[in-house]
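Each chain is listed here by its residues.
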Amino acid sequence: MAKRHVYAVVDPATGKLVKEYPTATDEVVDAALDAAAEAYAHWSRRTSVAERARLLHAVATLHEERGRQLAEIIHREMGKPVEEAVGEVEFSASIYRYYAENAETFLTDEPIGLPEGEGTAFVRRQPVGVLLGIMPWNYPYYQVARFAAPNLALGNTIVLKHASQCPESSAALQQLFTDAGLPPGCYVNVHATGEQIGRAIADPRVQGVSFTGSERAGAQVAEQAGRNLKKVVLELGGSDPFIVLSTDDLDATVQAAVEARFENAGQACNAGKRFIIAEDVHDAFLDKFTEQVLALTDGMAPLSSVAAAEYLEEQVERAVGDGATFVSARRREGAYFPPGVLTGVSPASPSAAEELFGPVATVFRAGSEDEAVELANGTPYGLGSYVFTTDPEQALRVADRIEAGMVFVNGVGLEGAELPFGGVKLSGFGRELGRAGIDEFANKKLIRTART
């Protein structure tokens with residue numbers, strides 16, 4: 001008999017078990033799918049966009065009212081500092097409110113001009129049914145908001161399987177949706193096993209799957225979904241380049257680089273991870289950047305688990321074994337990994353292409369714009385990227401050449417509910433947020449009338 005998955009809160013700061021939660025039985029998972037299918041048949045098809053928007057406004061308000069409580073939960077679960085966690089909750093609230101305020105516009109019938117013939121044609125966006133969401137631990141509320149907000153606005157219903165280390169926050173979200181007034185089955189949290197999720201993907205009640213996590217797990221989900229002809233959206237890993245070609249304020253650029261790399265202790269898919277610096281500013285940038293990185297040591301939060309810190313340590317050791325240099329103020333202690341800077345990583349080394357999910361920045365020297373772009377694209381990932389330059393034409397030229405789903409020019413922290421989020425290559429496919437996020441799981445139904 002296969003070992004059952006354990007949902008548990010383990011404080012990463014101490015390594016101590018806080019609480020275990022029972023894994024769902026097969027009967028509980030089946031009941032969750034039944035409830036979601038029932039809600040779709042009766043709630044989704046009978047409510048207006050305005051009614052669903054009102055519910056999303058309530059969800060946003062409860063996020064704001066319970067911000068501190070929700071933040072303290074994920075501080076226990078995955079170590080995020082409480083103030084950072086409060087910011088995550090607030091951003092999540094803004095996503096629900098964005099779709100509440102814009103759903104009617106997004107879902108307005110789209111007329112199609114007819115070059116010949118009589119009558120009319122238009123596209124009407126409608127829900128498709130029950131969706132399965134499989135979410136990660138690094139942003140327990142934000143990741144759910146990106147998936148749930150547009151799809152609840154559209155009228156799809158949701159069965160949500162959260163990360164095994166997020167049982168308390170996932171239960172808090174379930175209670176929040178209930179308290180906001182969503183009928184039973186519209187949003188159902190379930191502590192399912194991997195085997196149960198595989199069966200759910202194949203279940204005819206499920207019409208689509210959204211997954212955020214590693215590329216290995218994403219490939220398995222995509223394979224299962226494809227075998228059963230289910231639409232899937234994948235947001236996977238990233239090794240985002242941060243390119244500095246020129247700057248008229250080196251201190252501000254260095255500060256932006258630090259912010260891009262070390263938010264959430266470096267545990268963000270779209271964090272700047274590989275810093276590609278033009279020859280003429282490289283040395284000054286590296287000196288200032290390293291100084292600021294080492295200054296973060298005493299205030300750095302733990303990684304999500306001891307296992308995560310151990311794996312990052314192995315990755316750094318492999319890079320050093322291949323000839324790189326690692327500068328850090330301390331050594332790893334449990335889940336605490338000290339922030340550090342890797343230099344001298346050969347572009348031909350496997351370490352140059354893999355994702356370092358934690359507080360380690362890799363710095364490269366680029367002799368030209370072409371070399372910078374080549375280094376930026378020299379990874380199997382393609383999620384986000386950053387370009388800093390004082391030349392506007394160069395900024396757009398380089399942005400056009402980067403193989404990524406997102407490019408941010410001369411700024412960090414520019415994400416917003418209105419901006420589509422997603423990648424290419426091993427970073428996945430599909431988009432969340434913005435107009436694109438509500439289109440992913442919509443039936444774009446053509447209605448063509450011969451005569452009016």
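Looking at the overall build of the protein
Then, in step 1: Within the protein, the regular secondary structure consists of 14 helices and 20 strands.
Then, in step 2: Taking 22 Å as the expected radius of gyration for a compact globule of 452 residues, we find that the protein reaches 23 Å, a close match to that expectation.
Then, in step 3: For the protein, the C-alpha atoms occupy an extent of roughly 70 × 60 × 40 Å along the three principal directions.
Then, in step 4: Restricting to contacts in the protein with at least 6 residues of sequence separation, those with at least 24 account for 72%.
Then, in step 5: For the protein, the exposed area adds up to about 19000 Å²; of that, 52% sits on carbon and sulfur atoms.
Then, in step 6: When the 41 positive and 62 negative side-chain charges of the protein are each reduced to one mean point, those points stand 8 Å apart.

Quick word on the packing of helix H9 (residues 250-262) against helix H10 (residues 279-295)
Then, in step 1: Packing of H9 against H10 brings their axes to within 10 Å, and their N-to-C directions diverge by 50 degrees. The orientation of H9 with respect to H10, classified from their angle, is oblique. Viewed along their axes, H9 and H10 form a crossing whose handedness is right-handed. The residues of H10 that touch H9, namely those facing Leu250, Asp251, Thr253, Val254, Gln255, Ala257, Val258 and Phe262, are Ala284, Phe285, Lys288, Phe289, Gln292 and Val293.

Considerations on the sheet that holds strand S6 (residues 157-161)
Strand pairing in a sheet takes place through backbone hydrogen bonds and is either antiparallel or parallel in direction.
Then, in step 1: Sheet architecture is open: 6 strands sit in the order S7-S6-S5-S8-S9-S19, paired in mixed fashion. The open sheet terminates on both sides in strands that have one partner only, identified here as strand S7 (187-189) and strand S19 (428-429).
Then, in step 2: Taken together, the 2 bridges between strand S9 (residues 231-235) and S19 define a ladder with antiparallel strand orientation. Counterpart to Glu235 in the pairing with S19 is Gly428.
Then, in step 3: Of the strands in this sheet, strand S5 (130-134), S6, S7 and strand S8 (206-212) touch helix H1 (residues 26-44), which is tilted by about 160 degrees from S6.

What to know about the environment of Glu317
Then, in step 1: Structurally, Glu317 is set in helix H11 (residues 306-321).
Then, in step 2: For the pair Glu317 and Glu88, spaced 229 residues apart in sequence, the C-alpha separation works out to 32 Å.

So, the sheet that holds strand S14 (residues 360-366)
Then, in step 1: The strand order across the open sheet built from 7 strands is S12-S13-S14-S11-S10-S16-S17, with neighbouring strands paired in mixed fashion. Across the chains shown, the open sheet's two edge strands, defined by having one partner strand only, are strand S12 (325-328) and strand S17 (408-409).
Then, in step 2: Direction of pairing for strand S13 (residues 340-343) relative to S14: parallel, over a ladder of 4 bridges. Each bridged residue has a counterpart across the sheet, and for Thr343 the counterpart in S14 is Val363.

Structural notes on the pairing of S9
Then, in step 1: Burial runs high along S9: 4 of the 5 residues are buried.
Then, in step 2: With 5 bridges joining them, S8 and S9 adopt parallel strand pairing. For Ser210, the partnering residue across the bridge sits in S9 and is Val233.
Then, in step 3: Between the parallel pair S8 and S9, the chain is carried across by helix H8 (residues 215-227), and the sense of this crossover is right-handed.

Let's talk about unusual backbone geometry
Then, in step 1: Positive phi, close to 55 degrees, is recorded for Asn410, a residue that is not glycine.
Then, in step 2: One can find Asn410 in the loop between S17 and strand S18 (424-425).
Then, in step 3: Within the chain, Lys425 stands out as a residue other than glycine whose phi angle is a positive 55 degrees.
Then, in step 4: Along the chain, Lys425 turns up in strand S18.
Then, in step 5: Residue Lys425 is classed as partly exposed on the basis of its relative accessible area, which comes to 36%.

Structural notes on the environment of Pro380
Then, in step 1: With respect to the helices, strands and loops of the structure, Pro380 is situated in the loop between helix H12 (369-377) and strand S15 (381-382).
Then, in step 2: The partly exposed category is assigned to Pro380, whose relative accessible area is 33%.
Then, in step 3: Measuring from C-alpha to C-alpha, the distance between Pro380 and Ser427 comes to 8.0 Å, with 47 residues separating the pair along the chain.

Structural notes on the side chain of Ser385
Then, in step 1: Relative to the helices and strands, Ser385 resides in the loop between S15 and strand S16 (386-388).
Then, in step 2: Reaching out from Ser385, the side chain makes a polar contact with the backbone oxygen of Met406 at a distance of 2.9 Å.
Then, in step 3: Each residue touching Ser385, except ones within four places of it in the same chain, is listed here: Asp240, Pro241, Ile402, Ala404, Met406, Val407 and Phe408.

Describing the pattern of salt bridges
Then, in step 1: Taken as a whole, this structure holds 28 salt bridges when the rule is applied.
Then, in step 2: Put simply, Asp251 and Lys288 hold a salt bridge, and the shortest N to O gap is 3.0 Å. Of this pair, Asp251 sits in helix H9 while Lys288 sits in helix H10; the two residues are 37 residues apart in sequence, bridging distant segments of the chain.
Then, in step 3: Judged by relative accessible area, which is 45%, Asp251 ranks as partly exposed.
Then, in step 4: With relative accessibility at 33%, the residue Lys288 sits in the partly exposed group.
Then, in step 5: In this structure, the salt-bridge partner of Arg330 is Asp298, at a minimum N-O distance of 2.3 Å. With Arg330 in the loop between S12 and S13 and Asp298 in the loop between H10 and H11, this pair connects stretches of sequence that are 32 residues apart.
Then, in step 6: Several salt bridges share partner residues, and in doing so they unite Asp30, Asp34, Asp203 and Arg205 into one network.

Some details on the packing of helix H4 (residues 82-106) against helix H5 (residues 142-154)
Each pair of packed helices gets described by two things: the angle between the helix axes and the distance between those axes.
Then, in step 1: Relative orientation of the contacting elements H4 and H5 amounts to 15 degrees, with a least axis distance of 9 Å. Between H4 and H5, the crossing angle belongs to the class labelled roughly parallel. Once H4 is placed against H5, the crossing between them reads as right-handed. Mapping the contact onto sequence places Glu88, Phe91, Ser92, Ile95, Tyr96, Tyr99 and Ala103 in H4 and Tyr142, Val144, Ala145, Arg146, Ala148, Ala149, Pro150 and Ala153 in H5.
Then, in step 2: For the contact of H4 with H5, a count of residues per class yields 12 nonpolar, 1 polar and 2 charged.

Thresholds, definitions, all that
Residues numbered from 1 in each chain as written. Predicted model: local features only at pLDDT ≥ 70, side-chain atom pairs only at ≥ 80, totals over all residues. Heavy atoms only, no water. Helix = DSSP H or I, 4+ residues; strand = E, 2+ residues; numbered from the N terminus. Rg over C-alpha atoms; globule rule 2.2 N^0.38 Å. Contact = heavy atoms within 4.5 Å. Areas by Shrake-Rupley, 256 points an atom, 1.4 Å probe, with all protein chains shown as cover. Lys, Arg positive; Asp, Glu negative; His and termini not counted. Charge placed at Lys NZ, Arg CZ, Asp CG, Glu CD. Axes fitted to C-alpha atoms, helices over the stretch in contact; angles between N-to-C directions. Parallel < 35°, antiparallel > 145°, perpendicular 65-115°, else oblique. Left-handed = near helix turned anticlockwise from the far one by under 90°. Pairing = 2+ DSSP bridges. Buried < 20%, exposed > 50% of the residue type's maximum accessible area, 1.4 Å probe, protein only. Right-handed = clockwise from strand over helix to strand, strands pointing away. Polar contact = N/O pair within 3.5 Å; in protein donor to acceptor, adjacent residues only side chain to side chain. Salt bridge = Lys/Arg side-chain N within 4 Å of Asp/Glu carboxyl O. Nonpolar A, V, L, I, M, F, W, Y, C, P; charged D, E, K, R; others polar.

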